[in-house]
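Each chain, written out:
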Amino acid sequence: KQEVTQIPAALSVPEGENLVLNCSFTDSAIYNLQWFRQDPGKGLTSLLLIQSSQREQTSGRLNASLDKSSGRSTLYIAASQPGDSATYLCAGLGGSQGNLIFGKGTKLSVKP
Amino acid sequence: KAGVTQTPRYLIKTRGQQVTLSCSPISGHRSVSWYQQTPGQGLQFLFEYFSETQRNKGNFPGRFSGRQFSNSRSEMNVSTLELGDSALYLCASSFGTSGRMEETQYFGPGTRLLVL
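What you are looking at is a predicted structure, and each value in this text was computed from that prediction instead of being measured.

Calculation criteria
- Residues numbered from 1 in each chain as written.
- Chains lettered and ligands numbered in written order.
- Predicted model: local features only at pLDDT ≥ 70, side-chain atom pairs only at ≥ 80, totals over all residues.
- Heavy atoms only, no water.
- Helix = DSSP H or I, 4+ residues; strand = E, 2+ residues; numbered from the N terminus.
- Rg over C-alpha atoms; globule rule 2.2 N^0.38 Å.
- Buried < 20%, exposed > 50% of the residue type's maximum accessible area, 1.4 Å probe, protein only.
- Contact = heavy atoms within 4.5 Å.
- pLDDT = per-residue confidence, 0-100.
- Pairing = 2+ DSSP bridges.

A. Quick look at the overall build of chain B. A tally of helices and strands in chain B yields 0 helices and 11 strands. Counted from the first residue to the last, chain B has its helices and strands arranged as β-β-β-β-β-β-β-β-β-β-β. Computed over the C-alpha atoms, the radius of gyration of chain B is 13 Å, within 12% of the 13 Å expected from 2.2 N^0.38 for a compact globule of 116 residues. Viewed in the frame of its principal axes, chain B has a C-alpha envelope of about 40 × 25 × 25 Å. Here chain B holds 116 residues, and 51% of them are scored as buried. Once local pairs closer than 6 in sequence are excluded, the contacts in chain B between residues at least 24 apart make up 56%.

Here is the structure:
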């Protein structure tokens, strides 16, 4: 059964810093991995989706990587801004499951 | 293109009552999935519907049920509400044609349910 873990649960950084959010999963037969952003009281916004055949995806200041062999994915945020403050969730689609399994998220705070 | 919409946005119920939540997917999307989000358990998958058929189901009791209509709109129902059902209920839509949730999922703003 796929389990997804995100560490740390919370992170506070000064504006302008580059940062990395971590996501680990137990099923190496992962089909894809998605990163989402959730603002307080709101739904989820999809940031990046990495298929199992890919190693990374980029969108603007965001770069996500996937290493199936180690069971890890990272989300790199360059030149962080206060507007990046939110909870970031990763979700894996396991090889044997038809649904996404979510981590509990990393709450990011970027201080001006 | 309009996003995923959910109604109502907020709901207060008492124990023992039942509730129905609605989700309208993005136009052209045929897959609708439902999730429960709580501070303790995080996001947990409830079920997925595609073309009016339940395609996947999470590990929730039978009090939680859903359906999908021919226009892809979906409803979920929770009967005999318990205090622990208080949560943010999110729905997500996608084209769903691959048979798996491998496409980008687009989420609605959620319905916040409080059970007293």
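Resuming the write-up.
B. Inspection of the confidence of the model for chain A at higher detail. For chain A, per-residue confidence averages 91 on the pLDDT scale, and 96% of positions sit at 70 or higher. Taken element by element, the predicted model of chain A shows its lowest mean pLDDT in strand β10 (residues 100-102) of chain A (90) and its highest in strand β11 (residues 106-111) of chain A (97).

C. Structural detail: the pairing of strand β9 (residues 87-94) of chain B. Residue and element names in this part refer to chain B. In terms of burial, β9 is a largely internal element, 8 of the 8 residues being buried. Every second residue of β9 is oriented toward a common face, with Ala-87, Tyr-89, Cys-91 and Ser-93 on one face and Leu-88, Leu-90, Ala-92 and Ser-94 on the other, all of them buried. As paired strands, strand β4 (residues 31-38) and β9 are joined by 7 bridges and run antiparallel to one another. Note that in β9 the partner of Gln-36 across the bridge is Tyr-89. With 3 bridges connecting them, β9 and strand β11 (residues 111-115) associate as antiparallel partners. Within β11, the position partnered with Leu-88 by the bridge is Arg-112. Pairing geometry for β9 and strand β10 (residues 106-107), over 2 bridges, is antiparallel. Across the sheet, residue Ala-92 finds its bridge partner in β10, namely Phe-107.

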